[in-house]
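This is what each chain is made of:
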Amino acid sequence: MRLIAITTPGFRENEAGEIRRLLDGGWWRVHIRKPGSDPESVVRLLREIPRGYYPRLSLHDHFPLAGEFGLGGVHLNSRNPRAPRGWNGLVSRSCHTLEEIQQGDEYDYQFLSPVFDSISKPGYLSRFTSEDLRRAAALSDRVFPLGGITRGRAPQLRAMGFTGCAMLGAAWNNNEPMLQFITHTSRGLEEVLRGGCRWVQLRIKGASDAEFAGVAREILPLCRRYGATLIFDDRVELTASLGADGVHLGKNDMPLPEARRILGSGKIIGATANTAEDIMDAFRAGADYIGLGPFRFTTTKQGLAPLLGLEGYRKIMADCRARGMNLPTVAIGGILTEDLPQLRLTGVDGIAVSGLILNSSNPEQTTKDILETWKN
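Residues numbered from 1 in each chain as written. Predicted model: local features only at pLDDT ≥ 70, side-chain atom pairs only at ≥ 80, totals over all residues. Heavy atoms only, no water.

1. Describing the sheet that holds strand β3 (residues 57-59)
Here eight strands make up an open sheet; going across it, the order is β7-β6-β5-β4-β3-β2-β1-β8 and the pairing parallel. With partners counted over all chains shown, the strands left at the sheet margins are β7 (143-145) and β8 (164-167), one partner each. Going from strand to strand, the sheet's axes swing by 25° on average, the running direction of each strand aside. Alignment of strand β1 (residues 2-6) against strand β2 (residues 29-32), held across three bridges, turns out to be parallel. Directly across from Ala5, in β2, lies its bridge partner Val30. Lying over the sheet, helix α1 (residues 15-24) contacts β1, β2 and β3, oriented at roughly 155° with respect to β2. (Pairing = 2+ DSSP bridges. Helix = DSSP H or I, 4+ residues; strand = E, 2+ residues; numbered from the N terminus. Axes fitted to C-alpha atoms, helices over the stretch in contact; angles between N-to-C directions. Contact = heavy atoms within 4.5 Å.)

2. Comments concerning helix α11 (residues 256-263)
Where α11 is concerned, the buried positions are Leu256, Ala259, Arg260 and Leu263. The arc that holds every buried residue of α11, seen down its axis, measures 100°, which confines them to one face. Facing away from the buried side of α11, by more than 90 degrees, are the exposed residues Pro257 and Arg261. Contacts from the buried residues of α11 go to α6 (154-160), α10 (236-242), β12 (246-249), β13 (268-273) and α12 (276-285). One or two residues past the end of α11 sits Gly264, with phi positive at roughly 80°. (Buried < 20%, exposed > 50% of the residue type's maximum accessible area, 1.4 Å probe, protein only. Arc of directions from axis to C-beta.)

3. Considering the packing of aromatic side chains
In this description, an aromatic ring pair is defined by two values, namely the gap between the centres and the angle between the planes. Scanning all chains against the criterion turns up eight aromatic pairs. Put simply, the rings of Trp28, Tyr109, Phe111 and Phe144 touch in pairs and so form one group of aromatic residues. Over the ring of Trp28 we find Arg2, and its NZ or CZ is 4.7 Å from the ring centre. If you follow Arg29 out to its NZ or CZ, it ends over the ring of Trp28, 5.8 Å from the centre. (Phe/Tyr/Trp six-rings, centres within 6.5 Å; stacked < 30°, edge-to-face > 60°. Lys NZ or Arg CZ within 6 Å of the ring centre and 35° of its normal.)

4. Notes on the sheet that holds strand β9 (residues 178-183)
Pairing in this closed barrel of eight strands is parallel, and the strands run β9-β10-β11-β12-β13-β14-β15-β16 around the ring. This sheet shows a mean twist of 25° between the axes of neighbouring strands, independent of strand direction. As paired strands, strand β15 (residues 329-332) and strand β16 (residues 350-353) are joined by three bridges and run parallel to one another. Looking at β16, one finds that Val330 is bridged to Gly350.

5. Things to note about the environment of Thr129
Assignment of secondary structure puts Thr129 in the loop between β6 (109-112) and α5 (130-139). A relative accessible area of 42% places Thr129 in the partly exposed class. When the C-alpha atoms of Thr129 and Glu15 are compared, they prove to be 35 Å apart, with 114 residues separating the residues in sequence.

This is the structure in structure tokens:
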């Protein structure tokens, strides 16, 4: 997905460096939004950013600076409702209804907000249903949802049909994990969903398609009721026929390009990786996220690749950043709650767990504990 970061209203220490890191890491654009700022403060920030990044910056205020510095875009708002005379760069704007989106053909792209309850603006609550968001995505591939979005929700938005999204709070302080619950049964699933998990993978190795479909039909309504994303392990054809949100492919499963041909651009496709080279291959093939592991030995999966441990994750994630790869990545394999603080420091975006929750006497509380431990 194309990711857009919007700066916080105030100026921060080393903000230029943070902007560079995001763009180097694969983010599509950064919007410089500093309402109430003076032009001189914005100029100081721009001068700290190398000129090679300017085409990927958009201004929300002080539009003459966009032309003076050769920036790539301006974003219209109530303070600045029109682009400067003679402007040839990108023009974007914010919308709050589907009707506004339909009337915006002249813009290069539009923000639709808030699609979820806002992280950075307390009390700024979404009024959109999941069906509203799917309709918005179908209207145009130039609609970027905004509001309450974290990297953990990016696969969910991809499943709705969006090709990109914008983030404000989470772009600079992402403390919500991508928690994927891997299960072979519907047992305990509603408790997990009540605990706050919004991403489920159904994996039943050795089951027939009929057996797999039977469990999937039990799980699908639960995931829809809680607004959770449902991924099937390996079963590409069933993903299409049963209406799951996507598929996760192991190294020995269907090649990713073939799965994409079958499923189209509106489905999530995740890929298993054990090295930075694996991630690069998946990145080039168009994967939406990576399951990186195993962290340690686990009894829930056979034929494990070499164990990574904390140091393995550190090295691989650093290598990915150096190569400009920005795929959301979850750690997997024998992870315990006490591992989360150190795993988060490696640079992964979240975790995928099975036994930690399935073997718990209280799946709802265990899920809450995982999310709270990661955030804190």
